[in-house]
Amino acid sequence: VDYLGRVPEYPPPDAKCEFTGLTIQGGGPVATALVALSRWGKRCAFTGVVGDDGLGGEILRSLEQEGVDTSGVIVRESAESQFAFIVAEPKAGRRTVFWRRPTGAPPSPEEIDRELLRRARVFHTDGLFPEASLAAACAAKEAGIQVVVDAGTLRDGMLDLARSSDHFIASSTLAASFAGDASPLEACRRLAEFGPTVVGVTLGERGCAAIVDGREIQRPAHPAQAVDTTGCGDVFHAGYVYGLLEGWEVERRLDFAAWAAAKVAEHLGGRTGIPMASEWGIS
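## Quick look at the sheet that holds strand β1 (residues 2-6)
Strand order in the open sheet made by the four strands is β2-β1-β5-β6, with mixed pairing throughout. Strand pairing shows two members of the sheet lacking a second neighbour, β2 (20-25) and β6 (94-100), which therefore form its edges. The average undirected angle you get between the axes of adjacent strands in this sheet is 15°. Note that strand β5 (residues 83-89) and β6 share seven bridges and pair antiparallel. Residue Ala-84 lies in a different strand from β6, and its bridge partner there is Trp-99.

Now the structure itself:
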């Protein structure tokens, strides 16, 4: 669950800062991506961990109301759910996220609903729980299911996920952590050595770069009056997955993803501004 507020500018230490526009909504990289995909007419199922607290119930309701199957979610007893408070600076078009991971035990490979997984066409993960994410990615690959990774942070197990993925879309933060001062395309090239067919790096207002079977692609961002960048990467991945499911060429996937992310940036929170696919000309 995300609690979001607006401030004129981020405060210095030991200061009081009044915020406005309190917004409460579901969040999380994969969950928000699935909400977008569900709104665009795709059937989705979310698996992960919540606590048995009030936030856990709110998380599940926010997904179920969007038509996302939550039957694979594990509810940990006497545990607290993932939560974030997000400070948005509309004038600067940026945000700062304070978050707490769920306090219950992470999902184990044995707890993965493999029957649910085998019914999927795409498995999408952010690798927050590396052991379970890698086990699910390997099982998906064995079943011929496309594996898409939202690589936001170079956390433990992320490069192992790259080896088990088909589509590895990284943030500029991960690219810099992995490849230092190398260009985004060079970071893509090095990450492609782990085996994904498509490797991309999202670059915010500078668009995105990708390597597809050795071919270089650079696409511009779509213009936006950014209010809050929360959820932009999540919905970018949703747009990419949508195009993958529709059988589009990579360039069109990236363009749709960038357009959807730009629309999200014009609103507070990651889900409020998810556009209707028909605005892109999709019936």
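Further notes follow.
## Remarks on the pairing of strand β11 (residues 208-212)
The element β11 is largely enclosed, with a buried count of five among its five residues. The alternating pattern of β11 places Cys-208, Ala-210 and Val-212 and Ala-209 and Ile-211 on opposite faces, both of which are buried. What sits between strand β10 (residues 198-202) and β11 in their antiparallel hairpin is a turn of five residues, with Gly-204 showing a positive phi close to 60°. Strand direction decides the pairing type here: β11 and strand β12 (residues 215-219), joined by five bridges, are antiparallel. Looking at β12, one finds that Cys-208 is bridged to Arg-219. Hairpin connection from β11 to β12: two residues lie between these consecutive antiparallel strands, with Asp-213 at a positive phi of about 50°.

## A short note on the packing of helix α1 (residues 29-39) against helix α8 (residues 232-246)
For the pair α1 and α8, the least separation of the axes is 8 Å and the interaxial angle reads 50°. With respect to α8, the element α1 is oriented oblique. Considering how the two elements wind past one another, α1 and α8 form a crossing that is right-handed. Here α1 contributes Pro-29, Thr-32, Ala-33, Ala-36 and Leu-37 to the contact with α8, which in turn contributes Asp-234, Val-235, Ala-238, Val-241 and Tyr-242. Residues of the contact of α1 with α8, tallied by class, amount to eight nonpolar, one polar and one charged.

## A closer look at the packing of aromatic side chains
Under the defined criterion, the tally for this structure stands at eleven aromatic pairs. Ring centres 5.9 Å apart and planes at 70° place the aromatic pair Phe-19 and Phe-85 in the edge-to-face group. With Phe-19 in the loop between β1 and β2 and Phe-85 in strand β5, this pair connects stretches of sequence that are 66 residues apart. Judged by centre distance (5.6 Å) and plane angle (65°), the ring pair of Tyr-242 and Trp-248 falls under edge-to-face. Neither Tyr-242 nor Trp-248 differs from the other in exposure class; each is buried. Each residue in the set Trp-40, Tyr-242, Trp-248, Phe-256, Trp-259 and Trp-280 is aromatic and connected to the rest through ring pairs, giving one cluster. When the ring centre of Tyr-242 is taken as origin, the NZ or CZ atom of Lys-42, which lies over that ring, is 5.1 Å away. The ring of Trp-248 carries Arg-252 above its face, with NZ or CZ at 3.9 Å from the centroid.

## Describing the sheet that holds β10
One open sheet holds the six strands; their spatial order is β7-β8-β9-β10-β11-β12, and the pairing between them is mixed. Bordering the open sheet on either side are β7 (122-125) and β12, each of which pairs with just one other strand. Geometrically, the sheet is characterised by an average inter-axis angle of 15° between neighbouring strands, direction not taken into account. Here β7 pairs with strand β8 (residues 146-151) via four bridges, running parallel. Considered in β8, the bridge of Thr-125 is made with Val-149. Contacts from helix α9 (residues 250-265) reach β9 (167-171), β10, β11 and β12, with the element oriented near 25° to β12.

## Quick notes on the pairing of strand β3 (residues 45-51)
Burial of β3 is extensive: five of the seven residues sit out of reach of the surface. Alignment of β3 against strand β4 (residues 69-76), held across six bridges, turns out to be parallel. The partner of Val-50 across the bridge, within β4, is Val-75. The parallel pair β3 and β4 is bridged by helix α2 (residues 54-64), and the resulting crossover is right-handed.

## Some remarks on the pattern of salt bridges
Using the criterion set out here, one finds 13 salt bridges in the structure. Glu-186 serves as the salt-bridge partner of Arg-189, at 2.8 Å between the closest nitrogen and oxygen. Remark: Glu-186 and Arg-189 occur in helix α7 (residues 184-192); sequence separation between them is three residues, near one turn of the helix. Each of Glu-186, Arg-189, Arg-190 and Glu-216 takes part in one network of salt bridges that share partners.

About the thresholds
- Residues numbered from 1 in each chain as written.
- Predicted model: local features only at pLDDT ≥ 70, side-chain atom pairs only at ≥ 80, totals over all residues.
- Heavy atoms only, no water.
- Pairing = 2+ DSSP bridges.
- Helix = DSSP H or I, 4+ residues; strand = E, 2+ residues; numbered from the N terminus.
- Axes fitted to C-alpha atoms, helices over the stretch in contact; angles between N-to-C directions.
- Buried < 20%, exposed > 50% of the residue type's maximum accessible area, 1.4 Å probe, protein only.
- Parallel < 35°, antiparallel > 145°, perpendicular 65-115°, else oblique.
- Left-handed = near helix turned anticlockwise from the far one by under 90°.
- Contact = heavy atoms within 4.5 Å.
- Nonpolar A, V, L, I, M, F, W, Y, C, P; charged D, E, K, R; others polar.
- Phe/Tyr/Trp six-rings, centres within 6.5 Å; stacked < 30°, edge-to-face > 60°.
- Lys NZ or Arg CZ within 6 Å of the ring centre and 35° of its normal.
- Right-handed = clockwise from strand over helix to strand, strands pointing away.
- Salt bridge = Lys/Arg side-chain N within 4 Å of Asp/Glu carboxyl O.

Fair warning: the whole summary comes from geometry, so function is off the table for now.
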